[in-house]
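The lines below spell out each chain.
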Amino acid sequence: SALASSFILDPELGDMRDCAVSQSNRGVQQIQHRAHNLHRAPLANLSLALCLLVLPTAAAFTMSASAPLKLTAQVAVTGATGRLGREAVQQLSAAGKSVRCLLRHPIDNVTPPKELSKSSTSPEIAAYLASLPGVTMVPGEVTDPASVSKLLEGCTSVLALHGATRRSSLIEAWTDAEDTVPNHAKQVNYYGVKNIIDACQADGATCKRIVRITGKGEAPWQLFTVLINMLGGMAKGWNYEGEELLRKANPPVDYTIIRPGVMGPYEKKEKVFALADNGGDLKVTPVRHADIASLCISSLEFPNAARATLTAMHVPPGEGEASYEPLLAKVSADTREYPVSLIEEHKRAVRTVVSTLFAAVAAVVLKLAMSLMP
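Quick notes on the rules
Residues numbered from 1 in each chain as written. Predicted model: local features only at pLDDT ≥ 70, side-chain atom pairs only at ≥ 80, totals over all residues. Heavy atoms only, no water. Helix = DSSP H or I, 4+ residues; strand = E, 2+ residues; numbered from the N terminus. Contact = heavy atoms within 4.5 Å. Salt bridge = Lys/Arg side-chain N within 4 Å of Asp/Glu carboxyl O. Buried < 20%, exposed > 50% of the residue type's maximum accessible area, 1.4 Å probe, protein only. Pairing = 2+ DSSP bridges. Expected span 1.5 Å × (residues − 1). Phe/Tyr/Trp six-rings, centres within 6.5 Å; stacked < 30°, edge-to-face > 60°. Axes fitted to C-alpha atoms, helices over the stretch in contact; angles between N-to-C directions. Parallel < 35°, antiparallel > 145°, perpendicular 65-115°, else oblique. Nonpolar A, V, L, I, M, F, W, Y, C, P; charged D, E, K, R; others polar. Patch = residues over 30% accessible without salt bridge, like charges linked within 9 Å, V, L, I, M, F, W, Y side chains within 5 Å. Areas by Shrake-Rupley, 256 points an atom, 1.4 Å probe, with all protein chains shown as cover. Left-handed = near helix turned anticlockwise from the far one by under 90°.

(A) Structural detail: the environment of Ser299. Relative to the assigned elements, Ser299 resides in helix α11 (residues 289–299). Taking C-alpha positions, Ser299 is 6.8 Å from Leu328, a pair spaced 29 residues apart along the chain. Leaving out residues up to four positions away in the same chain, Ser299 has contacts with Arg209, Val211, Thr256, Ala305 and Leu328.

The following block contains the structure:
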């Protein structure tokens with residue numbers, strides 16, 4: 001048991017195998033040292049034999065579903081040039097991982113900048129990321145099934161960090177834009193996720209884990225949700241529909257859905273991390289792109305985070321964790337029933353609010369016009 005305990009408590013979890021070998025070697029040396037006395041104690045002989053049989057099982061038990069695994073295989077990334085995506089790619093590269101990024105912008109004639117800035121264009125960002133160690137660019141679009149299949153070749157996991165950025169008009173909720181505009185949120189946030197799922201389910205596919213960034217889409221009438229849907233082509237509504245594709249996939253896929261707070265380049269604070277599994281509610285707060293990128297990557301190392309929906313927010317400094325690993329070790333897979341589809345309710349909320357706005361404006365204009373009449 002001393003050997004098993006030293007293995008469990010070793011702080012270098014990133015190299016568990018070396019730790020286990022080292023500890024086992026020390027145990028064997030102790031056993032050899034005492035071997036010459038075993039003929040005098042048959043019971044001790046039996047105990048040591050049992051110990052040798054039990055220790056590997058005990059060590060394996062300690063590396064249960066909540067223990068972190070070592071991330072070694074290739075990771076695919078969609079939305080790599082976005083503010084979250086670029087953080088994730090840089091962190092993966094810095095950790096010595098192989099990364100495959102979906103590239104929408106030709107960069108053959110683009111000189112990589114020495115560093116990224118707020119004024120960096122998407123091609124410049126892509127060129128910079130492509131210059132990093134271990135990063136490979138794969139031309140294509142997330143809305144193209146063939147591109148996604150090519151991206152996932154040789155990868156065991158994918159960070160689906162893409163999202164629709166197109167702005168929409170106030171009357172779009174009454175049009176067929178979702179089916180006719182290539183970069184509409186339905187095409188990007190819904191069919192993009194479907195393409196990833198299909199590629200993971202294909203014969204011979206190696207990619208078995210999907211991490212998807214969304215947002216809470218279960219409250220269609222919430223003001224913030226209505227505003228995003230109204231100006232972003234139902235982006236939150238289609239994000240939620242993409243979540244449901246992951247939960248209902250058949251055959252099932254291992255997903256981790258992450259719903260972060262309001263992401264931005266905020267000041268770093270200590271011990272502020274909080275997670276709620278099962279899509280639980282936390283007070284909406286600002287969160288850093290770099291921190292959420294770290295969460296996405298870290299979640300791949302925790303098998304118990306598979307098929308889980310996680311809400312990621314901040315709490316006052318000192319009240320949370322200093323990293324996501326202790327929180328990820330405690331999360332569980334989804335158990336509650338999520339609404340099957342909410343897109344029609346999202347649309348109804350937008351149409352109601354827009355109609356109310358138009359009616360209010362019309363009333364003001366009419367009243368003004370009547371006041372100007374002789």
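(B) Broad picture of the pattern of salt bridges. Evaluation of the coordinates by the stated rule reveals 16 salt bridges. Arg336 is the salt-bridge partner of Glu218, the closest N and O atoms lying 2.8 Å from each other. With Glu218 in the loop between β5 (209–213) and α9 (223–231) and Arg336 in the loop between α12 (325–328) and α13 (343–372), this residue pair connects regions lying 118 residues apart in the sequence. Arg336 sits in the partly exposed class, given a relative accessible area of 31%. The salt bridge partner of Glu243 is Arg259, with a shortest N-O separation of 2.7 Å. Residue Glu243 is found in helix α10 (residues 235–248), and its partner Arg259 is found in strand β6 (residues 254–260); the two are separated by 16 residues along the sequence. Residue Glu243 is classed as buried on the basis of its relative accessible area, which comes to 0%. According to the relative accessible area criterion, Arg259 is buried, its value standing at 2%. Residues participating in the shared-partner salt-bridge network are Glu218, Glu243, Glu244, Arg247, Arg259, Asp334 and Arg336.

(C) Focus on the pairing of strand β4 (residues 155–160). Burial analysis of β4 places five of its six residues in the buried class, the great majority of the element. Here strand β1 (residues 74–78) pairs with β4 via five bridges, running parallel. If you follow Ala76 over to β4, its bridge partner there is Val158. The sheet contact formed by β4 and β5 spans four bridges and is parallel. If you follow Ala160 over to β5, its bridge partner there is Arg212.

(D) Looking closely at α10. In this model α10 runs 20 Å from its N-terminal to its C-terminal C-alpha over 14 residues, within 8% of the 20 Å that 1.5 Å per residue would give. Buried residues dominate α10, accounting for 12 of its 14 residues. Buried within α10 we find Ala235, Lys236, Gly237, Trp238, Asn239, Tyr240, Glu241, Gly242, Glu243, Glu244, Leu246 and Arg247.

(E) Highlighting the packing of aromatic side chains. Taken as a whole and assessed by the stated rule, the structure comprises three aromatic pairs. Their ring planes at 80° and their centres at 5.0 Å tell us that Tyr190 and Tyr191 sit as a pair that is edge-to-face. Ring geometry for Tyr190 versus Trp238: centroids 5.4 Å apart, planes at 55°, classification tilted. Here Trp238 lies in helix α10 and Tyr190 lies in helix α8 (residues 185–201), a separation of 48 residues in the sequence.

(F) Focus on the sheet that holds strand β3 (residues 135–139). Within the open sheet, the eight strands sit side by side as β3-β2-β1-β4-β5-β6-β10-β8. Their pairing is mixed. Strand pairing shows two members of the sheet lacking a second neighbour, β3 and β8 (273–276), which therefore form its edges. Here the average twist between neighbouring strands, direction ignored, is 25°. Taken strand by strand, α8 contacts β1, β4 and β5, and its axis lies near 170° from that of β5. Strands β5, β6 and β10 (308–314) of the sheet are contacted by α10, whose axis makes an angle of about 155° with β6.

(G) Molecular detail of the packing of α10 against α13. One can describe the packing of α10 onto α13 by two numbers: an axis separation of 9 Å at closest approach and a directional angle of 170°. If you check the angle between α10 and α13, you find them roughly antiparallel. For the pair α10 and α13, the contacting residues are Lys236, Gly237, Trp238 and Glu241 in the first and Ile343, His346 and Lys347 in the second. Of the residues contributing to the contact of α10 with α13, the split by class is two nonpolar, two polar and three charged.

(H) Quick look at a nonpolar patch on the surface. On the surface, Leu170, Ile171, Trp174, Leu231 and Phe358 cluster together into a nonpolar patch covering about 480 Å² of accessible area. In this structure, Phe358 sits in helix α13.

(I) Quick look at the packing of α8 against α10. For the pair α8 and α10, the least separation of the axes is 8 Å and the interaxial angle reads 15°. The orientation of α8 relative to α10 falls into the category roughly parallel. Pair α8 / α10 crosses with right-handed handedness. Counting all contacts with α8, which are made through Ala185, Lys186, Asn189, Tyr190, Val193, Lys194 and Ile197, the residues of α10 involved are Ala235, Trp238, Asn239, Glu241, Gly242, Leu245 and Leu246. The residue inventory of the contact of α8 with α10, partitioned by class, reads eight nonpolar, three polar and three charged.

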